[in-house]
Amino acid sequence: MFKHAIVRKPCADMVKGITSAKLGKPDFEKAILQHNSYVNALKSCGLNVKILEGNNKFPDSTFIEDVAICTKEFAVISNPGALSRRDEKDGMKTILEEYYKNIFEILFPGTLDGGDVMMVGNHYYIGISDRTNQEGANQLIQILKKNNLSGSVIPLKTMLHLKTGLSYIENNNLLVYGEFVNMPEFNKYDRIIIDANEAYAANSLWINNKVLVPKGFPKTKKKIEKAGYITIEVDTSEFRKLDGGLSCLSLRF
Ligand code: GLY
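Since this is a predicted model, take the numbers as computed values, not measurements.

Chemist: Account for the site of the ligand, naming residues and giving values.
Modeler: In the region of the ligand, the neighbouring residues are Ile18, Asp60, Phe63, Arg85, Arg131 and Leu242. Between a nitrogen atom of the ligand and a main-chain N or O atom of Leu242, the distance comes to 2.7 Å. The protein chains hide 98% of the 200 Å² of surface that the ligand would expose on its own. Comparing atom positions with the cavity grids shows the ligand to sit within the second largest cavity. In terms of residue class, the shell around the ligand is built from three nonpolar, no polar and three charged.

Take a look at the structure:
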């Protein structure tokens with residue numbers, strides 16, 4: 001179960017964020033409202049939410065998941081792969097020290113985005129992507145090993161991040177989309193296959209036995225409910241315009 005979340009408000013310059021989505025520019029005012037609703041959804045799952053102010057130096061900084069990996073016992077400050085996002089991690093150590101005694105760091109030439117890291121119990125799957133390189137993954141695996149956890153790598157073909165197409169929602173249930181559907185690594189899970197026209201909802205978010213699902217993906221919502229979960233719909237349309245999903249908007253631990 002998670003107790004805490006950290007989020008960062010969107011900044012006005014989010015309109016300059018990195019994107020491949022071709023859905024137009026995000027509406028900042030609408031994004032602020034959607035972000036408030038997201039925070040309320042996290043609170044309704046029982047989390048204490050620390051809300052950081054928007055940081056106009058970094059248009060993508062609301063996607064705070066990418067700058068750290070938070071386990072039960074320790075945190076790891078990542079080294080984001082996109083150059084325009086690299087220094088988003090500055091200041092995170094002080095913030096994480098409020099919660100953790102042990103904080104590690106991924107160091108250059110290693111790069112790693114938190115969006116490429118999926119926790120399944122004591123094991124962490126790490127996507128090798130345009131953002132996360134083998135060196136970054138190796139550093140994380142060493143940190144995990146030293147702390148009695150484990151990690152393994154999953155090479156990505158087309159996805160931005162590992163969790164763009166995979167979400168572990170506990171109880172052995174895994175949402176799976178696209179290039180991950182036939183990967184033998186995931187055969188042992190009860191896979192919930194996400195339809196191509198609902199691909200964005202493959203990034204849904206388990207929190208304390210509820211699952212946040214992006215608004216507008218009824219087939220995925222139904223599948224998750226059929227697996228036994230209460231779902232909470234959250235509108236993330238403005239973040240989707242920047243390739244961001246539900247998990248990208250918080251650190252949970
Ligand atoms: N716009 C979010 C990202 O590309 O990392």
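Chemist: Pulling in residues and values, what's your account of the sheet that holds strand S5 (residues 102-105)?
Modeler: Here three strands make up an open sheet; going across it, the order is S3-S4-S5 and the pairing mixed. The open sheet has two free edges, formed respectively by strand S3 (68-70) and S5, since each of these has just one partner strand. Averaged over neighbouring strand pairs, the angle between their axes works out to 20 degrees when direction is ignored. Pairing geometry for strand S4 (residues 74-77) and S5, over four bridges, is parallel. When the bridges of S5 are listed, Phe74 appears paired with Asn102. Lying over the sheet, helix H3 (residues 134-146) contacts S4 and S5, oriented at roughly 165 degrees with respect to S4.

Chemist: Can you explain the sheet that holds strand S14 (residues 230-234)? Please cite residues and give values.
Modeler: Across the sheet, which stays open at both edges, the three strands sit in the order S12-S13-S14 with mixed pairing between neighbours. Two strands bound the open sheet, and with one partner strand each, they are strand S12 (205-207) and S14. Strand-to-strand, the axes of this sheet are offset by a mean angle of 30 degrees, without reference to chain direction. Together, strand S13 (210-214) and S14 form the strand contacts of helix H4 (residues 218-226), whose direction differs from that of S14 by roughly 155 degrees.

Chemist: Give a detailed account of the pairing of S4, specifying residues and quantitative values.
Modeler: Going residue by residue along S4, you find Phe74 and Val76 tucked away on one face and Ala75 and Ile77 tucked away on the opposite face as well. Alignment of S3 against S4, held across three bridges, turns out to be antiparallel. Considered in S4, the bridge of Ala68 is made with Ile77. The turn linking S3 back onto S4 is made up of three residues.

Rules used throughout
Just so you know, the residues in each chain are numbered from 1, in the order the chain's sequence is written. Where local features are concerned, this predicted model is filtered to residues with pLDDT of at least 70; where side-chain atom pairs are given and counted, the filter is 80 or more; whole-chain, interface and lining totals use all residues. Each side-chain value is derived from all of the structure's non-hydrogen atoms; neither hydrogens nor water enter the calculation. Only a single heavy atom is needed: when it lies within 4 Å of a molecule or strand, its residue is near that molecule or strand. For this analysis, a polar contact is any N or O atom pair within 3.5 Å, provided that within protein one partner can donate a hydrogen and the other can accept it, and provided that sequence-adjacent residues contribute only side-chain to side-chain pairs. Only the protein chains shown count as cover for residues, with accessible areas throughout obtained via the Shrake-Rupley method and a probe of 1.4 Å. Whether a set of points on the 1 Å grid over the protein atoms alone is a cavity depends on a 1.4 Å probe fitting there but being unable to get out, while an open set qualifies as a pocket with protein on both sides within 12 Å along at least five of seven lines; lining residues are those with an atom within 4 Å of a point. Think of it this way: if more than half of a molecule's atoms are within 2 Å of a pocket's grid points, that molecule is in the pocket or cavity. Nonpolar residues are Ala, Val, Leu, Ile, Met, Phe, Trp, Tyr, Cys and Pro. Charged residues are Asp, Glu, Lys and Arg, and all others, Gly as well, are polar. Whether two strands pair depends on DSSP finding at least two bridges between them. In DSSP terms, a helix is any run of H or I states spanning at least four residues, a strand is any run of E spanning at least two, and both are numbered starting from the N terminus. All axes are obtained by fitting lines to C-alpha atoms, using only the stretch in contact for helices, and the reported angles, taken between N-to-C directions, cover 0 to 180 degrees. Every residue pair with non-hydrogen atoms within 4.5 Å of one another is taken to be in contact. Summary of the burial criterion: residues with accessible area below 20% of their type's maximum are buried, those above 50% are exposed, and those between are partly exposed, where the area comes from a 1.4 Å probe applied to protein chains only.

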